[in-house]
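Descriptive structure summary
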Amino acid sequence: ERFPAATSSLGGLGTMGGNGSVSGSGSGGVGITCGYHAIPSLEPLHLHIISQDLESECMKNKKHYNTFATPFLVEATQMEAWLDVGGEGGARELQRERHAHWVELEKSDLRCAVSTCGCGRAFSNMPKLKEHLAARGAQARAGK
């Protein structure tokens, strides 16, 4: 239940683009995704911008990875629609209604979610997943 003053920020949400993603690319031509966590962990409500290769030293555990690699990361346009329809209270209500779903996404199996890879392979732990992501990233950067 963390959507303080979210409706006052609606004007800024629409500036990211019609599909909820930033156009362009980050380092090495990697695409960028932006969105909001379905269950925000910090106040105020804030936008996450992350490279689509999901390679990061900051990704240290399964729950954290899954908040970016699953629909737990709500596209900006979807969050805007939730806030637009019901305001802050409407977004909270949707969060409550779907709470079990969001928690399941956080706990779901570790899977490669890199769109350029497309393998969807499951991994037993973060080091194995990170090794896979690094290898796929190196291949992509090499143009393979």
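Description of the structure in this document. As the structure is a computational prediction, the values presented were derived from the model and not from experiment. Starting afresh in each chain, residues are numbered from 1 along the sequence in its written order. Restriction of local features to residues with pLDDT of at least 70 applies here, the model being predicted, together with a cutoff of 80 or more for giving and counting side-chain atom pairs; totals for whole chains, interfaces and linings are based on all residues. In computing side-chain properties, one takes all heavy atoms of the structure into account and sets aside hydrogens as well as water.

1. A look at the sheet that holds strand β3 (residues 73-75)
- The 3 strands are arranged β2-β1-β3 in an open sheet whose pairing can be described as antiparallel. The open sheet is flanked by β2 (48-51) and β3, the only strands paired with a single partner. Averaged over neighbouring strand pairs, the angle between their axes works out to 55° when direction is ignored.
- When strand β1 (residues 32-37) meets β2, the two strands line up antiparallel, connected through 4 bridges. Bridge pairing in β2 places glycine 35 opposite histidine 48. What makes two strands pair is DSSP finding at least two bridges between them. Helix numbering and strand numbering both begin at the N terminus, where a helix is a DSSP run of H or I of at least 4 residues and a strand a DSSP run of E of at least 2. To get an axis, a line is fitted to the C-alpha atoms, and for a helix only the part in contact is used. The angle between two axes follows their N-to-C directions and goes from 0 to 180 degrees.

2. So, the pattern of salt bridges
- Only one rule defines a salt bridge in this text: a Lys or Arg side-chain nitrogen within 4 Å of an Asp or Glu carboxyl oxygen. Evaluated as defined, the whole model comprises 1 salt bridge.
- For lysine 63, the salt bridge identified is with glutamate 106, shortest N-O distance 4.0 Å. Taken as a pair, lysine 63 in helix α2 (residues 62-69) and glutamate 106 in helix α4 (residues 99-107) lie far apart in primary sequence, 43 residues in all.
- Only protein chains enter the calculation, and the probe is 1.4 Å; a residue is then buried if its accessible area is under 20% of its type maximum, exposed if over 50%, and partly exposed in between. The exposure class assigned to glutamate 106 is buried, which follows from its relative accessible area of 14%.

3. Examining the pairing of β1
- Of all the 6 residues making up β1, 5 are buried; the element is thus mostly covered by neighbouring parts of the structure.
- Where β1 lies against β3, 3 bridges are found, and the strand directions are antiparallel. Looking across to β3, one finds that tyrosine 36 is bridged to valine 74.

4. Some details on the environment of tyrosine 65
- Relative to the helices and strands, tyrosine 65 is located in helix α2.
- The sequence separation of tyrosine 65 and leucine 54 amounts to 11 residues, and the corresponding C-alpha distance is 8.1 Å.
- With near-sequence residues (within four places) excluded, tyrosine 65 lies in contact with Leu54, Met59, Leu110, Arg111, Cys112, Ala113, Met126, Leu129 and Leu133.
- Within polar-contact distance, the side chain of tyrosine 65 engages the backbone oxygen of arginine 111 at 2.9 Å. Throughout, a contact is declared for two residues whenever any of their heavy atoms are within 4.5 Å. What qualifies as a polar contact is a pair of N or O atoms within 3.5 Å, subject to a donor-acceptor requirement within protein and to the restriction that residues adjacent in sequence count only when both atoms come from side chains.

5. Observations regarding α4
- For α4, the full list of buried residues reads Trp102, Val103, Leu105 and Glu106. Viewed along the axis of α4, the buried residues span an arc of 155°, placing them on a single side of the element. In α4, the exposed positions angled more than 90 degrees off the buried face are occupied by Ala100, Glu104 and Lys107. Here the arc refers to the set of directions running from the helix axis out to each C-beta atom.

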